[in-house]
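Coordinate analysis (summary)
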Amino acid sequence: MNFRIEELMNLKGFNNAKLAKELGVTRSTVTNNLKKPTLETLERIAKVLDVRVSDLIVEDDQKLDPIYKKDENGKEIVIGFLKK
């Protein structure tokens, strides 16, 4: 099972520091939990990002291509995903 937490964070305008602040934890805690989060962590992140827990999970065989756009600073951000 893989997670697309970072992609959805980007889509919602969050970085690790902002998510950590919203969750009331340190940035290193967020960084350490993004790869293998517990169900409780997924639930908390989903609430902060205003998405469903299932939106944070990608099945191993499910391939998604990110859709990018440039923000006002010229940085590419993910605005959505397309199934392959």
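**Some remarks on the overall build of the protein**
When helices and strands are counted, the protein shows four helices and four strands. Classification of the 84 residues of the protein by burial places 29% in the buried group. Here the contacts in the protein between residues at least 6 apart in sequence split such that 46% fall between residues at least 24 apart.

**With respect to the nonpolar core**
I5, M9, L19, V30, I45, L49 and L56 are the most contacted members of the largest nonpolar core, which has 15 residues in total. Looking at this core, the elements that each hand over two or more residues are α1 (5–11), α2 (16–23) and α4 (39–49). With four residues, the top contributor of residues to this core is α4. Ignoring sequence-local partners within four residues, the contact set of I5 consists of L34, P37, L42, I45, L49 and L56.

**Describing the pattern of salt bridges**
Within this structure, the stated rule accounts for two salt bridges. For K35, the salt bridge is made with E6, and the minimal N-O distance between the two is 3.1 Å. One end of the pair, K35, is in the loop between α3 (27–33) and α4; the other, E6, is in helix α1, and 29 residues separate them in sequence. You can call E6 partly exposed: its relative accessible area is 40%. Note that D55 and R52 form a salt bridge whose closest N and O atoms lie 2.8 Å from each other. Residue R52 is classed as exposed on the basis of its relative accessible area, which comes to 56%.

**Description of the side chain of R4**
Mapped onto the elements of the fold, R4 is located in the loop between β1 (2–3) and α1. In this structure R4 is buried but unpaired, with D55 as the nearest side chain of opposite charge at 5.2 Å. In this structure the side chain of R4 is engaged in a polar contact, spanning 2.8 Å, whose partner is the backbone oxygen of D55.

**Section: α4**
Along α4, the residues classified as buried are T41, L42, I45, A46 and L49. Buried positions in α4, seen along its axis, are confined to an arc of 135° and lie on one side of it. Exposed residues lying more than 90 degrees from the buried face of α4 are L39, E40 and K47. Those residues of α4 hidden inside the fold are in contact with β1, α1, α2, α3 and β2 (57–58). Looking one or two residues past α4, D50 carries a phi angle of roughly 60°, positive in sign.

Conventions adopted
Residues numbered from 1 in each chain as written. Predicted model: local features only at pLDDT ≥ 70, side-chain atom pairs only at ≥ 80, totals over all residues. Heavy atoms only, no water. Helix = DSSP H or I, 4+ residues; strand = E, 2+ residues; numbered from the N terminus. Buried < 20%, exposed > 50% of the residue type's maximum accessible area, 1.4 Å probe, protein only. Contact = heavy atoms within 4.5 Å. Core = buried A, V, L, I, M, F, W, Y, C linked by side-chain atoms within 4.5 Å. Salt bridge = Lys/Arg side-chain N within 4 Å of Asp/Glu carboxyl O. Lys, Arg positive; Asp, Glu negative; His and termini not counted. Polar contact = N/O pair within 3.5 Å; in protein donor to acceptor, adjacent residues only side chain to side chain. Arc of directions from axis to C-beta.

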